[in-house]
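# Fold and contact review
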Number of protein chains: 2
Amino acid sequence: MIGITAGASVMYSAMAGMGYAGTSDYTGPIKLEGDPKGTSVLVLGAGLAGMTAAYELRKAGYKVQILEYREKAGGRCWTLRGGDVYTELGGFKQEVKFAEGNYLNPGPWRIPSDHYAVLDYCKRFGVKLQPFIQINYNAFVHNTEAFEGKPQRFKEIQADYRGQIAELLAKAVDQKKLDELVTDEDAALLVESLKKYGVLDDKLEYVKSAATSGYRGWKVDPGGGTQSAGEPSDIISLADILKGRLWKDLITGESIDHQAAIFQPVGGMDMIAQAFEKEVKDLITYNAKVTKIEGSDSGVTATWVDANGGTEEKTASADYCICTIPFSVLGQIENNFGAEMSAAIDDVYYASSIKVGLEFKRRFWEQDDHIYGGISYTNTPITLLSYPSTDFFSDGPGVLLGAYSWGAASYQFNAVPAEERIEKALEFGSQIHPQYRDEFSNGVAVAWHRVPWTLGCYGEWRDMEGNYANACKMDQRTLMAGEHISHLPAWQEGAILSALNAIERLHAHVTGA
Amino acid sequence: MIGITAGASVMYSAMAGMGYAGTSDYTGPIKLEGDPKGTSVLVLGAGLAGMTAAYELRKAGYKVQILEYREKAGGRCWTLRGGDVYTELGGFKQEVKFAEGNYLNPGPWRIPSDHYAVLDYCKRFGVKLQPFIQINYNAFVHNTEAFEGKPQRFKEIQADYRGQIAELLAKAVDQKKLDELVTDEDAALLVESLKKYGVLDDKLEYVKSAATSGYRGWKVDPGGGTQSAGEPSDIISLADILKGRLWKDLITGESIDHQAAIFQPVGGMDMIAQAFEKEVKDLITYNAKVTKIEGSDSGVTATWVDANGGTEEKTASADYCICTIPFSVLGQIENNFGAEMSAAIDDVYYASSIKVGLEFKRRFWEQDDHIYGGISYTNTPITLLSYPSTDFFSDGPGVLLGAYSWGAASYQFNAVPAEERIEKALEFGSQIHPQYRDEFSNGVAVAWHRVPWTLGCYGEWRDMEGNYANACKMDQRTLMAGEHISHLPAWQEGAILSALNAIERLHAHVTGA
């Protein structure tokens with residue numbers, strides 16, 4: 001009725017009010033109204049959180065400066081390319097040898113389409129985005145303990161699992177075994193829907209046929225002229241799929257943060273870092289290793305030394321501080337935070353995670369296996385393989401994400417030098433792609449516990465209920481920000497939303513709003 | 001064992017032999033060995049089938065010429081852009097007013113990643129491809145008879161349907177109702193897998209929770225700092241989903257020819273036509289309307305007139321003919337084909353299909369609804385809406401595929417002038433996107449039954465078993481080719497495979513191989 005009587009835009013607003021249109025905590029550029037009257041803010045860390053805070057605060061009239069430990073901005077928004085040199089904790093040094101145009105994003109590598117803040121800053125700062133292929137039905141699922149260790153195509157396991165559970169349920173309903181669970185009214189429709197959803201035949205069975213091959217793939221593809229009309233493929237029994245545990249990753253790519261459409265910056269994730277840096281470069285002091293943070297009721301002073309080994313202490317002071325230093329690092333910096341904040345800092349531990357980028361002489365996954373982007377899953381310690389969503393069909397060398405693991409699977413990578421991590425990635429990856437050894441060119445391996453500026457991948461709370469709220473409070477004149485101060489940990493969106501929330505509260509404090 | 005003893009490449013070959021690696025009827029560029037000794041071939045039609053045949057035959061040493069009805073090559077591989085003028089049967093003339101860079105592909109618009117022949121020609125001829133977003137979890141499913149006509153997000157219906165059927169089956173198995181259908185050994189694993197697959201809680205229930213919101217979306221998204229930790233969204237009951245029939249399109253995007261990754265040419269589908277045309281342009285006579293085909297045991301002569309209304313009859317003769325004229329048109333051309341071929345020609349009818357391209361002043365589907373590419377499905381006669389997989393996040397005007405229907409749904413579009421088709425597309429589309437009327441700029445509508453050079457969308461056999469094999473036979477010196485002479489009807493892959501198969505047989509006839 002609304003639509004008919006009052007026109008489309010009223011109708012649209014009404015629908016949005018009903019929760020029908022997209023909702024998000026981020027609803028567009030932040031508006032900090034009211035004069036900060038020369039208030040100064042010291043931002044610690046030039047990652048996305050720090051740069052977001054600095055950019056918006058300056059825009060609102062604040063005097064801002066940023067201290068950054070590294071020689072460049074971005075933090076975990078980081079891309080390694082040929083010619084880059086990376087030295088990790090423990091002194092292991094890697095020189096990246098990737099060909100021109102190839103890269104590895106050791107940190108974030110995808111931008112979900114519901115991460116509205118990241119997308120909006122990309123748009124405002126001119127960062128070009130391209131689709132990231134998350135799910136590829138032609139990629140593999142692999143379990144060393146199943147199918148004699150042979151990887152299976154995702155599409156086959158996906159169609160066969162869905163078909164056979166649909167068959168079981170449809171038969172059970174049809175045989176009236178579920179009368180207590182399903183009303184008579186629903187039963188007929190449920191069976192009809194399962195027939196469609198599971199690609200079942202008229203006997204409610206999921207069988208080898210042209211119909212099921214239309215989802216799981218053919219044994220012989222349909223051709224032209226006098227070629228085959230298509231030879232249906234055998235299905236894999238539910239028992240084998242269950243035993244092989246290949247159902248484990250069937251919906252991994254369908255979580256809200258991985259659903260298609262999902263994006264990546266053209267040229268590498270740090271195109272975002274570079275775009276932010278361009279906006280706030282004049283505010284950043286690089287190579288500044290903070291050694292002490294002292295707050296008071298009226299301001300904050302940070303002491304720092306040259307990160308490249310200087311001993312001369314310098315200080316930076318401001319009326320307020322936005323501290324985006326990861327708690328893993330912050331806990332080792334002398335400070336006078338209150339007991340609640342100190343407890344919060346101690347409560348957060350940093351997840352272990354590794355990524356290995358492997359460059360191969362040619363894109364055999366495309367040329368031999370017809371896999372264009374997407375992810376293969378395995379129970380080996382590399383956890384997954386991801387195929388590049390760039391330069392499809394090109395002839396040159398390509399970089400695979402040859403390992404991305406976390407938790408226990410990643411520990412054995414952390415403990416060894418980079419070349420051994422690469423060797424492990426080759427060893428396990430070869431079980432999925434036997435072409436590995438012939439085609440390998442070079443690689444780079446990042447173990448996040450050894451990354452000097454984070455000492456881990458992302459913050460995890462031991463007792464979030466007890467400490468998270470305290471970490472959000474202003475401690476004298478300091479507010480914390482970063483992915484660890486968000487409900488989207490590990491995501492760039494969390495870092496940005498956290499920063500926006502912190503400066504909103506800072507601004508309210510300043511203006512008394 | 002093979003892998004361990006004989007090295008990676010042997011292992012790979014062995015796996016390919018087991019059907020593990022990708023198989024296709026197309027295994028790479030065709031090789032026509034043996035000297036055709038000056039044999040000439042007349043190709044009728046410069047669509048993809050005709051141009052493939054011409055290109056490969058000339059390469060193999062044949063003398064080739066092509067007669068083409070239109071002023072340009074490509075046939076159904078066709079793109080409409082601003083400035084194009086299209087006159088359909090019945091005289092309706094449309095001048096396309098799309099902004100620079102925008103387009104509609106009235107015919108094929110996607111290239112599945114298992115269409116190896118199309119992909120290979122794109123690579124060889126330098127056609128750039130980009131990902132096509134087929135499934136978008138944030139797009140809509142819509143039924144005028146359900147949910148008070150309000151469109152629902154695909155992700156909600158998808159997660160809720162899957163979750164609730166998994167719950168039913170898991171409970172049934174857990175309550176031992178399915179003992180006749182499931183072995184004890186499988187039962188425990190099946191329940192475990194359904195818990196994961198359906199996102200069920202420990203009671204095997206699919207309920208409103210952070211876990212299910214992680215797939216279907218949140219009521220309030222998780223934020224940063226002191227913002228919400230996320231408010232779970234209500235689930236839609238299985239009964240409502242069943243009644244609303246919104247399960248109908250849950251797996252449409254997962255068929256073998258739509259599975260991710262799937263591609264489109266950068267700039268429009270006819271970039272493929274243009275690339276082929278560049279290779280064979282010198283062989284083509286344009287605006288040649290064939291009026292008669294006369295075959296004999298030693299050759300074929302086609303009579304033609306100027307398609308723009310000339311009456312002067314000209315002839316083209318050759319030792320052989322590859323005829324790619326759609327049977328819908330061929331049946332109206334005077335010929336001396338044998339009884340079997342004539343029966344085959346009569347057996348094929350051409351599917352009705354319409355496409356409407358709508359240009360809007362801004363990309364409201366991205367800006368308001370956060371839908372980037374992909375497809376919304378509806379039970380209205382437009383059948384679906386597809387959002388462009390190009391120029392994401394741009395500010396300029398964008399073109400939606402505002403209707404793509406076939407069969408009965410398309411009939412009412414065929415019958416009316418283009419402006420009325422556009423009006424219908426606006427009327428139905430407004431039910432999904434209320435912004436339509438405010439944002440509409442211009443449109444173009446193609447009803448395939450009115451396309452002069454095909455008189456329909458693609459060939460369908462009434463009695464394939466009785467006639468297809470005859471249509472593949474050489475009739476005197478003519479071989480048929482095109483999507484209708486393939487087991488991949490309507491697809492460009494079918495057209496190309498058909499042509500390759502035809503010229504292989506032609507070449508065998510010539511060389512006596």
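Being a predicted model, the structure only gives us computed values, none of them experimental. (Residues numbered from 1 in each chain as written. Chains lettered and ligands numbered in written order. Predicted model: local features only at pLDDT ≥ 70, side-chain atom pairs only at ≥ 80, totals over all residues. Heavy atoms only, no water.)

The helix and strand tally for chain A stands at 17 helices and 25 strands. Considered along the principal axes of its C-alpha atoms, chain A spans approximately 80 × 65 × 45 Å. Counting the 513 residues in chain A, one finds 63% classified as buried. Of the contacts formed within chain A by residues at least 6 apart in sequence, a portion of 69% connects residues at least 24 apart. Of the roughly 19,000 Å² that chain A leaves accessible, carbon and sulfur atoms contribute 49%. (Helix = DSSP H or I, 4+ residues; strand = E, 2+ residues; numbered from the N terminus. Buried < 20%, exposed > 50% of the residue type's maximum accessible area, 1.4 Å probe, protein only. Contact = heavy atoms within 4.5 Å. Areas by Shrake-Rupley, 256 points an atom, 1.4 Å probe, with all protein chains shown as cover.)

This paragraph deals with the interface of chain A and chain B. On the side of chain B, 105 residues touch chain A, which itself brings 106 residues to the contact. For the pair chain A and chain B, the summed buried surface comes to about 9,600 Å²; carbon and sulfur atoms form 62% of the total. The interface formed by chain A and chain B holds eight salt bridges in total. Across the salt bridge formed by Lys177 of chain A and Glu180 of chain B, the nearest N and O atoms sit 3.4 Å from each other. The tally of links between chain A and chain B comes to 32 residue pairs in polar contact (both at pLDDT 80 or more). (Buried area = accessible area lost by both parts, 1.4 Å probe. Salt bridge = Lys/Arg side-chain N within 4 Å of Asp/Glu carboxyl O. Polar contact = N/O pair within 3.5 Å; in protein donor to acceptor, adjacent residues only side chain to side chain.)

As a further point, take unusual backbone geometry. Keep in mind that most residues, glycine aside, have a negative phi and that most peptide bonds are trans. Ala260 of chain A connects to Ala261 of chain A through a cis peptide bond whose omega is -5°. Positionally, Ala261 of chain A belongs in the loop between helix H8 (238-244) and strand S11 (262-265). In this structure, Lys176 of chain A takes a positive phi of about 60° despite not being glycine. Relative to the assigned elements, Lys176 of chain A resides in the loop between helix H5 (154-174) and helix H6 (184-198). Positive phi is not limited to glycine here, since Asn287 of chain B has a value of about 55°. Its location among the elements puts Asn287 of chain B in the loop between strand S12 (284-285) and strand S13 (288-295).

Let's shift gears to the UniProt feature "domain: Amine oxidase" (unreviewed entry) in chain A. In the numbering used here, UniProt assigns the feature "domain: Amine oxidase" (unreviewed entry) to residues 48-502 of chain A. Taken end to end, residues 48-502 of chain A comprises 31% helix and 22% strand; its first and last C-alpha atoms sit 13 Å apart. (UniProt positions renumbered as here; feature names shortened; annotations may be inferred.)

This part is about the environment of Ala445 of chain B. Residues and elements named next belong to chain B. By secondary structure assignment, the location of Ala445 is in strand S23 (residues 440-447). According to the relative accessible area criterion, Ala445 is buried, its value standing at 0%. Ala445 sits 359 residues away from Tyr86 along the chain, and the two C-alpha atoms are 9.9 Å apart. Beyond its immediate chain neighbours, meaning those up to four positions away, Ala445 contacts Glu88, Gln94, Lys355, Val356, Ala418, Arg421 and Ile422.

A separate point is the pattern of salt bridges. For side chains of opposite charge, pairing can occur when their charged atoms come near one another. Summed over the entire model, instances satisfying the criterion amount to 52 salt bridges over all chains. A salt bridge links Lys123 of chain B to Asp395 of chain A; its shortest N-O distance comes to 2.8 Å. Within this pair, whereas Lys123 of chain B is found in helix H4 (residues 116-124), its partner Asp395 of chain A is found in the loop between strand S21 (384-387) and strand S22 (398-406), the two belonging to separate chains. Here Lys123 of chain B falls in the partly exposed class, since its relative accessible area comes to 34%. A salt bridge links Lys243 of chain B to Asp240 of chain B; its shortest N-O distance comes to 4.0 Å. One end of the pair, Lys243 of chain B, and the other, Asp240 of chain B, are both in helix H8 (residues 238-244), three residues apart, so they sit about a helical turn from each other. You can call Lys243 of chain B partly exposed: its relative accessible area is 49%. Within this structure, Glu56, Asp120 and Arg124 of chain A form a network of salt bridges that share partners.

Let us look at the packing of helix H3 (residues 48-59) of chain B against helix H17 (residues 492-511) of chain B. Residues and elements named next belong to chain B. Where H3 meets H17, the closest approach of the two axes is 8 Å, and the angle between their N-to-C directions is 40°. By the angle between their axes, H3 is oblique relative to H17. Where H3 crosses over H17, the two elements pack in a sense that is right-handed. Listed contacts from H17 to Leu48, Ala49, Thr52, Ala53, Glu56 and Leu57 of H3 are Gln492, Ala495, Ile496, Ala499, Leu500, Ile503 and Leu506. Across the contact of H3 with H17, the residue classes break down as 10 nonpolar, two polar and one charged. (Axes fitted to C-alpha atoms, helices over the stretch in contact; angles between N-to-C directions. Parallel < 35°, antiparallel > 145°, perpendicular 65-115°, else oblique. Left-handed = near helix turned anticlockwise from the far one by under 90°. Nonpolar A, V, L, I, M, F, W, Y, C, P; charged D, E, K, R; others polar.)

A word on the sheet that holds strand S7 (residues 111-112) of chain B. Residues and elements named next belong to chain B. One open sheet holds the three strands; their spatial order is S7-S11-S8, and the pairing between them is antiparallel. Looking at which strands have only one partner, the edges of the open sheet turn out to be S7 and strand S8 (129-131). Alignment of S7 against strand S11 (residues 262-265), held across two bridges, turns out to be antiparallel. Residue pairing for S11: Ile111 is matched across the bridge by Phe263. (Pairing = 2+ DSSP bridges.)

What follows deals with the domain arrangement of chain A. Partitioning chain A into structural domains gives domain 1 (39-73 + 286-348 + 463-511), domain 2 (80-138 + 259-266 + 352-450) and domain 3 (152-244). Of note, the centres of domain 1 of chain A and domain 3 of chain A, computed from C-alpha atoms alone, are 55 Å apart. (Domains from an automatic or database assignment.)

The next thing to look at is the packing of aromatic side chains. Taken as a whole and judged by the stated rule, the model has 55 aromatic pairs over all chains. Centroid distance Tyr55 of chain A to Phe125 of chain A: 4.9 Å. Interplanar angle 80°. Geometry classified as edge-to-face. Here Phe125 of chain A lies in the loop between helix H4 (116-124) and strand S8 (129-131) and Tyr55 of chain A lies in helix H3 (residues 48-59), a separation of 70 residues in the sequence. Accessibility expressed as a relative area gives 15% for Tyr55 of chain A, which makes it buried. A relative accessible area of 14% places Phe125 of chain A in the buried class. Measuring from centroid to centroid gives 6.4 Å for Trp365 of chain A and Tyr387 of chain A, while their planes differ by 40°, and the two rings are tilted. Taken together, the residues Trp365 of chain A in helix H12 (residues 364-367) and Tyr387 of chain A in strand S21 connect sequence positions 22 residues apart. You can call Trp365 of chain A buried: its relative accessible area is 0%. Ring pairing ties together the aromatic residues Phe360, Phe364, Trp365, Tyr387, Tyr436 and Phe440 of chain A, which thus form one cluster. Across the ring face of Tyr320 of chain A, the terminal group of Arg477 of chain A is positioned such that the distance to the ring centre comes to 4.3 Å. The ring of Tyr121 of chain B has Arg124 of chain B lying over it, and the distance from NZ or CZ to the ring centre is 4.4 Å. (Phe/Tyr/Trp six-rings, centres within 6.5 Å; stacked < 30°, edge-to-face > 60°. Lys NZ or Arg CZ within 6 Å of the ring centre and 35° of its normal.)

This paragraph deals with the state of the cysteines. This model, assessed by the stated rule, comprises zero disulfides over all chains. Sulfur of Cys323 of chain A: no disulfide; nearest cysteine sulfur belongs to Cys321 of chain A and is 5.3 Å away. Among the cysteines around Cys122 of chain B, which has no disulfide bond, Cys77 of chain B carries the closest sulfur, lying 8.6 Å off. Since its relative accessible area comes to 2%, Cys122 of chain B is described here as buried. (Disulfide = S-S within 2.5 Å.)

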